[in-house]
Amino acid sequence: MTATHFLTTFLAFALQASTAERGMAVDGDMTVVGLENLTQAEIDAPAFTGFENIRQAYEHNERPHISNNQILDPQAAPKTNTNFANLRLVVVFPFDDLGAVYIDQHVSTGAPEKNQIERLMATAYEVIASGELNVTLDDLNTIYTSL
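In this report, the structure presented in the accompanying data block is examined. (Residues numbered from 1 in each chain as written. Predicted model: local features only at pLDDT ≥ 70, side-chain atom pairs only at ≥ 80, totals over all residues. Heavy atoms only, no water.)

## What to know about the overall build of the protein
Reasoning step 1: Helices and strands together make up the secondary structure of the protein, namely 5 helices and 5 strands.
Reasoning step 2: Counting from the amino terminus, the protein carries its helices and strands in the arrangement α-β-β-α-α-β-β-β-α-α.
Reasoning step 3: A buried classification covers 42% of the 147 residues belonging to the protein.
Reasoning step 4: Restricting to contacts in the protein with at least 6 residues of sequence separation, those with at least 24 account for 57%. (Helix = DSSP H or I, 4+ residues; strand = E, 2+ residues; numbered from the N terminus. Buried < 20%, exposed > 50% of the residue type's maximum accessible area, 1.4 Å probe, protein only. Contact = heavy atoms within 4.5 Å.)

Structure below.
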């Protein structure tokens, strides 16, 4: 329960601290434990690349993993300006056996700065290192602003 609490709280904080629009948290078995501005139907849709992005983050040991939702499937890559409307920036925060947090946003709305994403990752690692996973949004904000 504590890992799930951490994942869902960190998901809410990552959305609050970044410009991301939606996200999900998965446990170490890739079971969805939290959704923000996403529905089950959306994550079940073939066009949703969230699970593949999480797998890539673990396979390539990228912490955080920054990608997009189109290039995973070269057939879906934008070919015209109208195709860019669906292009999303994807960030995955993998936490070894605990699970991962996935967030994304339309590229047209901008992108969080790399420094911001790295501070979010450092915030999560500080909490994990402390062993106190039962954190609040205020706790995460305190750590984030101190970095």
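Read on for the rest.
## Looking at the packing of helix α1 (residues 2–17) against helix α4 (residues 114–130)
Reasoning step 1: At their nearest, the axes of α1 and α4 sit 11 Å apart, and the two run at 155° to each other. With respect to α4, the element α1 is oriented roughly antiparallel. Pair α1 / α4 crosses with right-handed handedness. In this structure, α1 contributes F6, F10, F13, A14 and A17 to the contact, and α4 contributes Q116, L120, A124, V127 and I128.
Reasoning step 2: Split into classes, the residues belonging to the contact of α1 with α4 amount to 9 nonpolar, 1 polar and no charged. (Axes fitted to C-alpha atoms, helices over the stretch in contact; angles between N-to-C directions. Parallel < 35°, antiparallel > 145°, perpendicular 65-115°, else oblique. Left-handed = near helix turned anticlockwise from the far one by under 90°. Nonpolar A, V, L, I, M, F, W, Y, C, P; charged D, E, K, R; others polar.)

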